[in-house]
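Geometric and topological summary
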Amino acid sequence: MDSSRDVWLLAAVLMYLAGLAAGSTFISDTVFELHGSAGRSLLQAKTSCPIDLEGMNYTIITGKCKGPQYPANLCCAAFKELACPFADQLNDETNDCASTMFSYINLYGKYPPGLFASECREGKEGLACPATPPESEDGNASADFTSQTLASLLTLLICAMVLVFLLHT
């Protein structure tokens, strides 16, 4: 009986950890790679970015990330503030979001080539983004964030119920 209790506890912990992992967002390091290079990409047409990158407020970066020193802590924090709400679209290699965003960042900021790629490194998955939803045009949080939050809460609730069940048996 005691070993089956341990199995249920382990299952509950694993479900909780899976829920936490599903709720985290990263900006992949691949967004920093050179875009538009020759080779296989010629055969793989990219779709247009669904985000209005032209109308974005790039002063988030240009106001904080200034030369000649380009402090990594300020530049990377500003980049994450701008890019994290759109991590899913920027990580999608089937569209041109990452290359277009970097074109605008470099157009407005006139940054040295590879500045963000060389300075902004966090982990093997890329830059960790806080769990904040992108704002839609009417100011409401996106449906993806809401469903992700509900899934995490449901996982937490199930784990709590299993734990209560185990403690009362």
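Basis of the calculations
- Residues numbered from 1 in each chain as written.
- Predicted model: local features only at pLDDT ≥ 70, side-chain atom pairs only at ≥ 80, totals over all residues.
- Heavy atoms only, no water.
- Helix = DSSP H or I, 4+ residues; strand = E, 2+ residues; numbered from the N terminus.
- Buried < 20%, exposed > 50% of the residue type's maximum accessible area, 1.4 Å probe, protein only.
- pLDDT = per-residue confidence, 0-100.
- Contact = heavy atoms within 4.5 Å.
- Disulfide = S-S within 2.5 Å.

**Quick look at unusual backbone geometry**
The peptide bond linking Gly-67 to Pro-68 adopts the cis configuration, its omega dihedral lying at 10 degrees. A positive phi angle, close to 50 degrees, is found at Tyr-70, a residue other than glycine. The topology assignment puts Tyr-70 in the loop between helix H2 (59–62) and helix H3 (72–83). Residue Tyr-70 is classed as buried on the basis of its relative accessible area, which comes to 19%.

**Re the confidence of the model for the chain**
This prediction gives the chain a mean pLDDT of 74; 54% of its residues lie at or above 70. Mean pLDDT values over the elements of the chain span from 57, in helix H1 (residues 2–23), up to 94, in H2. Note that pLDDT drops below 50 for residues 35–39; the model gives that stretch three contacts with residues more than four away or on any other chain. Overall, residues 134–145 carries pLDDT values under 50, and its contacts beyond four positions in sequence, including any with other chains, amount to 11 contacts.

**Considerations on the state of the cysteines**
Two cysteines joined by a covalent bond between their sulfur atoms form a disulfide. All chains considered together, the criterion is met by four disulfides. A sulfur-sulfur separation of 1.9 Å characterises the disulfide bridge that pairs Cys-49 with Cys-97. Between Cys-49 and Cys-97 the sulfur-sulfur dihedral comes to about 95 degrees; the bridge is accordingly right-handed. You can see Cys-49 sitting in the loop between strand S1 (25–27) and H2 and its partner Cys-97 sitting in helix H5 (residues 97–109), a full 48 residues away along the chain. The side chain of Cys-76 participates in a disulfide bridge whose partner is Cys-120; the two sulfur atoms lie 2.1 Å from each other. With the S-S dihedral at roughly -100 degrees, the linkage between Cys-76 and Cys-120 falls on the left-handed side. Of this pair, Cys-76 sits in helix H3 while Cys-120 is found in the loop between helix H6 (115–119) and strand S2 (127–129), placing the two residues 44 residues apart along the sequence. Taking relative accessible area as the criterion, Cys-76 reaches 11% and is therefore assigned buried. Counting only the cysteines that take part in disulfides, in the order they occur along the chain, gives the pairing 1-6, 2-3, 4-7, 5-8.

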